[in-house]
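# Notes for the structure review
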Amino acid sequence: MPDAAAGAEPTFDDGPLPLITSEPFEALAPEWAALHRETPGALPFSHPAWHEAWLRHCGADAFPVFLALREPADDDGEAPLVGVIPIDVGGAEPRFLGDPDLSDHSGALVAKGREVRAAAALIEWLMEDLASGFEAWGLPPPGPLRSALIAAAGRYGWSADEEPEAVTPTVELPDTWDAYLAALPKKHRHELRRKLRNLEREGDVGFVSATGPGEVAEAMEGLLTMMRDSREDKAAFLTPEREAFFRDLATGLSEHGLARISTLTFDGRPAARIFALEGGGATMLYNSGFDPALSSLAVGLLSKALLVRDAIERGRDAVDFLRGTEPYKRHLGGQPRDIVRLRLSRG
């Protein structure tokens, strides 16, 4: 079994575990959304709006179960929600619900400090359900849930095998744009400045963001067109089901301040667009496209650079480029962060 994480090993005490039960999505969603708002560092992938959109458009083959974790009832009979673990029980063994091709991180949500108990409750639920294993994908190694799952597996005599799944290059943001540029390698800094000067010399440049559901819905149509036009692989990726998922997801998350579509304009017309997610103090680049007629002006790359500048100006902590090792992520200062998959097996 691999080490749980750098730092203190998760520990268990003799206190009661959260009550873990399957609850209907519709009844659970409002309380789930409230827990998401209250949980520091919660990502959009663990919001009920994400799962609702994915199941509606891409989850036909899934058998979803929404495990709600609740503290013991208080004197008023209230059992506070402290976690939701969406799982798919339709395959050979249960796994986190979702598709790693569309969800860059797992969709599990656990209140801060409750991860160890939540992991133990999950293992006990799996044992009662006679499951022989579990696949926990989309976990960052420093994350407390990954460490807690490894510790809980060991507590119950299960094995935990870890394997690399993806890399998410991320830029930790300084306080100013100038400081960001200064931190880039000399070659990349020089190229970025040259491309920006060239674009600004050729016409008027703007960068605006749609944040409300109506604005986001309108901007999404332009983004989908650019995605199809700018790259053949993105055109092939955009099946009707995935297009509908993107539309639903963007408007649903924007209602909670978790998504925006940013547009680089050139002489007053859209030149490139980015579908960005917001959460955990970071702006996350989920997908993007550009006008091929303006490719000579590097509008695709520059839209991403301006997304970084916008994030700095809004006081964000980081820009996460999400899964993939495309060269632009390194050129814009992204440092690799691993995503791993845990396979838990009954001993």
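Up top is the structure these notes are about.
To start, this report covers the structure provided alongside it. (Residues numbered from 1 in each chain as written. Predicted model: local features only at pLDDT ≥ 70, side-chain atom pairs only at ≥ 80, totals over all residues. Heavy atoms only, no water.)

With that settled, consider the layout of surface pockets. Of the volumes computed, that of the largest pocket is approximately 950 Å³. Of all the elements in the fold, those that place two or more residues in the lining of the largest pocket are strand 5 (109-110), strand 6 (133-139), helix 4 (144-155), strand 8 (170-172), strand 12 (282-290), strand 13 (318-320) and strand 14 (338-345). The element contributing the most residues to the lining of the largest pocket is helix 4, with three residues. For the lining of the largest pocket, a count of residues per class yields 17 nonpolar, 12 polar and eight charged. A volume near 680 Å³ is recorded for the second largest pocket. (1 Å grid on protein atoms, 1.4 Å probe; cavity = no way out; pocket = protein on both sides within 12 Å on 5 of 7 lines; lining within 4 Å. Points joined across faces, edges and corners; volume = space filled by probe spheres on them. Helix = DSSP H or I, 4+ residues; strand = E, 2+ residues; numbered from the N terminus. Nonpolar A, V, L, I, M, F, W, Y, C, P; charged D, E, K, R; others polar.)

Glancing now at the sheet that holds strand 13. Strand pairing within a sheet occurs via backbone hydrogen bonds; the two strands may be parallel or antiparallel. The strand order across the open sheet formed by six strands is 8-13-12-11-10-9, and the pairing between neighbours is mixed. In this open sheet, the two edge strands, each paired with only one partner strand, are strand 8 and strand 9 (205-210). Averaged over all neighbouring strand pairs, the angle between strand axes comes to 25°, with direction disregarded. Of the pairings in the sheet, the one linking strand 11 (residues 269-279) to strand 12 comprises eight bridges and is antiparallel in character. Bridged to glutamate 278 within strand 12 is threonine 283. Sitting on the sheet, helix 7 (residues 213-230) is in contact with strand 9, strand 10 (259-266), strand 11 and strand 12, with an inclination near 115° to strand 11. (Pairing = 2+ DSSP bridges. Axes fitted to C-alpha atoms, helices over the stretch in contact; angles between N-to-C directions. Contact = heavy atoms within 4.5 Å.)

Quick look at unusual backbone geometry now. Here the phi dihedral of aspartate 267 falls at roughly 50°; this positive angle occurs in a residue that is not glycine. One can find aspartate 267 in the loop between strand 10 and strand 11. Using a relative accessible area of 47% as the deciding quantity, one classes aspartate 267 as partly exposed. Positioned with a positive phi, leucine 322 is a non-glycine residue whose angle comes to about 60°. Locating leucine 322 in the fold gives a position in the loop between strand 13 and helix 11 (327-331). (Buried < 20%, exposed > 50% of the residue type's maximum accessible area, 1.4 Å probe, protein only.)

A separate point is the packing of aromatic side chains. On inspection of all chains with the given rule, the structure shows 14 aromatic pairs. Where phenylalanine 25 meets phenylalanine 66, the ring centres are 5.2 Å apart and the plane angle is 55°; that geometry is what we call tilted. Remark: phenylalanine 66 occurs in strand 2 (residues 64-70) and phenylalanine 25 occurs in helix 1 (residues 25-38); sequence separation between them is 41 residues. Summarising the burial analysis for this pair, phenylalanine 25 and phenylalanine 66 share the class buried. Pairing phenylalanine 246 with phenylalanine 275 gives two aromatic rings, centres 6.3 Å apart and planes at 85°, and the pair type is edge-to-face. (Phe/Tyr/Trp six-rings, centres within 6.5 Å; stacked < 30°, edge-to-face > 60°.)

On to the pairing of strand 12. Successive residues of a regular strand alternate their side chains across the two faces of the sheet. Counting buried positions along strand 12 gives eight out of nine residues, so the element sits mostly inside the fold. Between the end of strand 11 and the start of strand 12, which pair antiparallel, lie two residues, with glycine 280 showing a positive phi angle near 60°. With three bridges joining them, strand 12 and strand 13 adopt parallel strand pairing. Residue pairing in the sheet places alanine 282 in a bridge with alanine 318 of strand 13. Once the chain exits strand 12 it traverses helix 10 (residues 299-313) before rejoining the sheet at strand 13, and the crossover so formed is right-handed. (Right-handed = clockwise from strand over helix to strand, strands pointing away.)

This part takes up helix 4. When the terminal C-alpha atoms of helix 4 are compared, their 16 Å separation across 12 residues agrees well with the 16 Å that a helix rising 1.5 Å per residue should span. Of all 12 residues in helix 4, nine are buried; the element is thus mostly enclosed. When helix 4 is considered as a whole, its buried residues turn out to be Leu145, Arg146, Ser147, Ala148, Leu149, Ile150, Ala151, Ala152 and Ala153. The elements touched by buried residues of helix 4 are strand 4 (95-96), helix 3 (115-128), strand 6, strand 7 (159-167) and strand 14. In the segment just after helix 4, glycine 157 is the residue with positive phi, at about 80°. (Expected span 1.5 Å × (residues − 1).)

We now examine the pattern of salt bridges. Under the criterion given, the structure shown has 27 salt bridges. Among the ionic pairs, glutamate 135 bridges to arginine 95, the shortest N-O distance being 3.5 Å. Of this pair, glutamate 135 sits in strand 6 while arginine 95 is found in strand 4, placing the two residues 40 residues apart along the sequence. Between arginine 323 and glutamate 165 there is a salt bridge; the shortest N-O distance is 2.7 Å. With arginine 323 in the loop between strand 13 and helix 11 and glutamate 165 in strand 7, this pair connects stretches of sequence that are 158 residues apart. Glutamate 165 matches arginine 323 in its accessibility class, with the two residues each being buried. Within the structure, one salt-bridge network assembled from shared partners comprises Arg95, Glu135, Glu163, Glu165, Arg323, Arg341 and Arg343. (Salt bridge = Lys/Arg side-chain N within 4 Å of Asp/Glu carboxyl O.)

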